[in-house]
Amino acid sequence: MENKAPIKLKTIKEFHKLWNLPQPEHPLISVVDYSEIKHSPENSELGIMFDCYAISIKRDLGIKMIYGQQKYDFDNGVMFFMAPNQLLRIETDPKIVSERSGWMLFIHPDFLWNTPIAKSIKQYEFFNYATNEALFLSEKEETIVTQIILNIRQEYHSNIDKFSQNIIISQIETLLNYSERFYQRQFITRKITNHKILNRLEDILADYFSNVNTSGEGLPTVQFVADKLNVSSSYLSSLLKSLTGQSTQQLIQDKVIELAKEKLTTTDLSVSEIAYELGFEHSQSFSKLFKIKTNLSPLEFRQSFS
């Protein structure tokens, strides 16, 4: 698909207009029912950048969505999340518009202003997951989150008063907390796939450090590993924390220390030479990391085996 200049939507009202929907009842928050979308934009392939948070459940849309560099067909009920200024590319199929179902919740950042969630929402890592890392919900889980959405919609459909924003904010917070719980569940229930990722991670690091051209190239970055695994760095970090209790960066460092110990005990290479082979630009950085991880300097560790 040719990447055309994306449409920048600064307001929820602009999204409603793009999809030929009635004007939103609230300027800063809106729940869009996909069954109500009867007309697609004229362009069947378009990119959209929102100035809003978006939380969505989609199923049977006749739409392919590309979020980041990943494509996903929403044939079953799955949930995904977008933060402001992330790019979403949409390919529509006008032949099956009637089959659309699901919903999307839009939250403009201004709605969160001066509330506790204005800062805490940025701590939910799933807003940076790619579409192919969407949240697969059980029927019971989908019922829970859909009820929360209905509560939000009912609240802003009612007469707005001084309690309305706080009630909606509490519902959003509940929705995010359930989403976090369900993602943690997904990390556990998809064990086979997830443990394959762990095995591949080990192979990637082993290949990286065994490559003679790696010397002086620097340590493998979290993004490098994530790209090799075809997942987003935020998803990989969340997955590894769930499975191992450690972040991607910590696992990379542990691999470095493991190899360093091997070289210190089986070769006559100097500490500087070992640091260089492992990708450190300065041996002091290597020695500092080694000391943090083992409570010994590289020389002290080597001498303990003499």
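Residues numbered from 1 in each chain as written. Predicted model: local features only at pLDDT ≥ 70, side-chain atom pairs only at ≥ 80, totals over all residues. Heavy atoms only, no water.

1. Observations concerning the packing of helix α5 (residues 164–189) against helix α8 (residues 233–244)
For step 1, the next point in the chain: With their axes 10 Å apart at the nearest point, α5 and α8 run at an angle of 70° to one another. Relative to α8, the element α5 lies roughly perpendicular. Judged by the sense of rotation from one axis to the other, the crossing of α5 with α8 is right-handed. Within the contact between the two elements, α5 uses Y183, Q184, Q186 and F187 and α8 uses Y235, S238, L239, S242 and L243.
For step 2, the next point in the chain: When the residues that make up the contact of α5 with α8 are grouped by side-chain class, the tally is 5 nonpolar, 4 polar and no charged. (Axes fitted to C-alpha atoms, helices over the stretch in contact; angles between N-to-C directions. Helix = DSSP H or I, 4+ residues; strand = E, 2+ residues; numbered from the N terminus. Parallel < 35°, antiparallel > 145°, perpendicular 65-115°, else oblique. Left-handed = near helix turned anticlockwise from the far one by under 90°. Contact = heavy atoms within 4.5 Å. Nonpolar A, V, L, I, M, F, W, Y, C, P; charged D, E, K, R; others polar.)

2. What to know about unusual backbone geometry
For step 1, the next point in the chain: Here N85, not a glycine, exhibits a phi torsion of approximately 70°, which is positive.
For step 2, the next point in the chain: Mapped onto the secondary structure, N85 falls in the loop between β7 (78–82) and β8 (87–92).
For step 3, the next point in the chain: The partly exposed category is assigned to N85, whose relative accessible area is 43%.
For step 4, the next point in the chain: A positive phi angle, near 65°, is found at N114, a position not held by glycine.
For step 5, the next point in the chain: Looking at N114, the relative accessible area reads 64%, which means it is exposed. (Buried < 20%, exposed > 50% of the residue type's maximum accessible area, 1.4 Å probe, protein only.)

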